[in-house]
Amino acid sequence: MAKATIISIASSISSAVKYIGPVSLSTVGPGEREITLEEVLWHDTRKDCWMIIYDRVYDITEFLDEHPGGVDLLLEYAGRDATVAFRGSGHSTTALKLLERYMIGELPVNERIFRKNGGFKLSDIPE
Ligand code: HEM
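Residues numbered from 1 in each chain as written. Predicted model: local features only at pLDDT ≥ 70, side-chain atom pairs only at ≥ 80, totals over all residues.

Asker: For the overall build of the protein, give the residues involved together with the corresponding values.
Answerer: The helix and strand tally for the protein stands at five helices and six strands. Ordered by position from N to C terminus, the α and β elements of the protein give α-β-β-α-β-β-β-α-α-α-β. Counting across all 127 residues of the protein, residues that qualify as buried make up 19%. In the protein, the proportion of contacts linking residues at least 24 apart, taken out of those at least 6 apart, comes to 58%. (Helix = DSSP H or I, 4+ residues; strand = E, 2+ residues; numbered from the N terminus. Buried ≥ 20, exposed ≤ 12 C-beta atoms within 10 Å, placed from the backbone. Contact = placed C-beta atoms within 7 Å.)

Asker: Could you give an account of the pairing of strand β5 (residues 56-59), with specific residues and numbers?
Answerer: Two elements, strand β4 (residues 48-53) and β5, share four bridges in a ladder whose sense is antiparallel. Directly across from isoleucine 53, in β5, lies its bridge partner arginine 56. Between β4 and β5, which pair antiparallel and follow one another directly, the connecting turn spans two residues, one of which, tyrosine 54, has a positive phi of 50°. Here β5 pairs with strand β6 (residues 103-106) via three bridges, running antiparallel. (Pairing = 2+ DSSP bridges.)

Asker: So what's going on with the site of the ligand? Which residues, and what values?
Answerer: Close to the ligand lie 20 residues, the nearest being Pro68, Gly69, Ala85, Ser92 and Ala95. If you list the elements that add at least two residues to the shell around the ligand, you get α3 (71-75), α4 (83-88) and α5 (93-100). Sorting elements by how many residues they give to the shell around the ligand places α5 first, with four residues. Across the shell around the ligand, the residue classes tally to 14 nonpolar, six polar and no charged. (Near = placed C-beta within 6 Å. Nonpolar A, V, L, I, M, F, W, Y, C, P; charged D, E, K, R; others polar.)

Asker: Break down the nonpolar core for me, citing the residues and quoting the values.
Answerer: Core analysis: the largest hydrophobic core is formed by 17 residues, its most contacted members being Trp50, Met51, Ile52, Ile53, Val57, Tyr58 and Ala82. Taken together, the elements giving at least two residues each to this core come down to β4 and β5. No other element matches β4, which puts five residues into this core. Once residues lying within four places of it in the same chain are set aside, the contact partners of alanine 82 are Met51, Ile52, Ile53 and Tyr77. (Core = buried A, V, L, I, M, F, W, Y, C linked by C-beta atoms within 7 Å.)

Asker: Before we move on, could you go through the confidence of the model for the protein and cite the residues and values that matter?
Answerer: Across the protein, the average pLDDT comes to 82, with 72% of residues at or above 70. Residue range residues 13-27 is modelled with pLDDT below 50. Its contacts to residues more than four positions away, or to other chains, number 13 contacts. (pLDDT = per-residue confidence, 0-100.)

Asker: Residue-level account of the environment of leucine 64, with values.
Answerer: Along the chain, leucine 64 falls in the loop between β5 and α3. Separated by 11 residues in the primary sequence, leucine 64 and leucine 75 have C-alpha atoms spaced 8.2 Å apart. Setting aside anything within four residues of it in sequence, one finds leucine 64 in contact with Arg46, Cys49, Val71 and Leu74.

Asker: Just give me the short version of the pairing of β4, but keep the residues and values in it.
Answerer: The buried count for β4 comes to five of six residues, which makes it a mostly enclosed element. Here two bridges tie strand β3 (residues 44-45) to β4, and the two strands are oriented antiparallel to one another. The residue bridging aspartate 44 from the neighbouring strand is cysteine 49, located in β4. Linkage of β3 to β4, two consecutive antiparallel strands, is achieved through a turn of two residues.

Asker: Please set out unusual backbone geometry residue by residue, giving values where relevant.
Answerer: The general pattern is negative phi for most residues beyond glycine and trans for most peptide bonds. Positive phi values are uncommon outside glycine, yet tyrosine 54 reaches one of about 50°. Among the structural elements, tyrosine 54 can be located in the loop between β4 and β5. In this structure, aspartate 55 is a non-glycine residue whose phi angle is positive, near 70°. With respect to the helices and strands, the residue aspartate 55 is situated in the loop between β4 and β5.

Written as structure tokens, this is what we have:
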């Protein structure tokens, strides 16, 4: 096959395939998505910021500029687990409640720390 033909086939394939990320997602419950740690890692910028707190995944992109503690603190945990930081900075129940608005899914059971059999138990972990 001629080189030009191969290049033309390759470019039509690559423009037809839409890249949707490194990991396929599966549904874990009504309205909830199972999202792996690896997938969360891909969302680590100011324009696309996900975060894990208590094994749940939050898309906080829209919240960044509203955070009373500032945007920079949040960006340190972009794409990562922020449970200890969130807990350690003494957030109110209002802040916990606010999280619900941004939840987009949960970690698979084998990647969780708290919400699994034999996981860490905290007295004030949200339901
Ligand atoms: C998406 C997750 C988060 C939400 C929804 C959130 C929400 C809030 C809210 C509502 C407040 C006002 C005080 C309160 O009601 O507790 C606050 C303050 C604060 N947050 Fe967060 N926060 C989040 C993540 C974090 C993280 C990861 C850190 C990292 C250390 C952090 C550090 C702080 C600090 C230091 C304050 C105090 C600011 C001050 O009093 O001047 N927050 N946050």
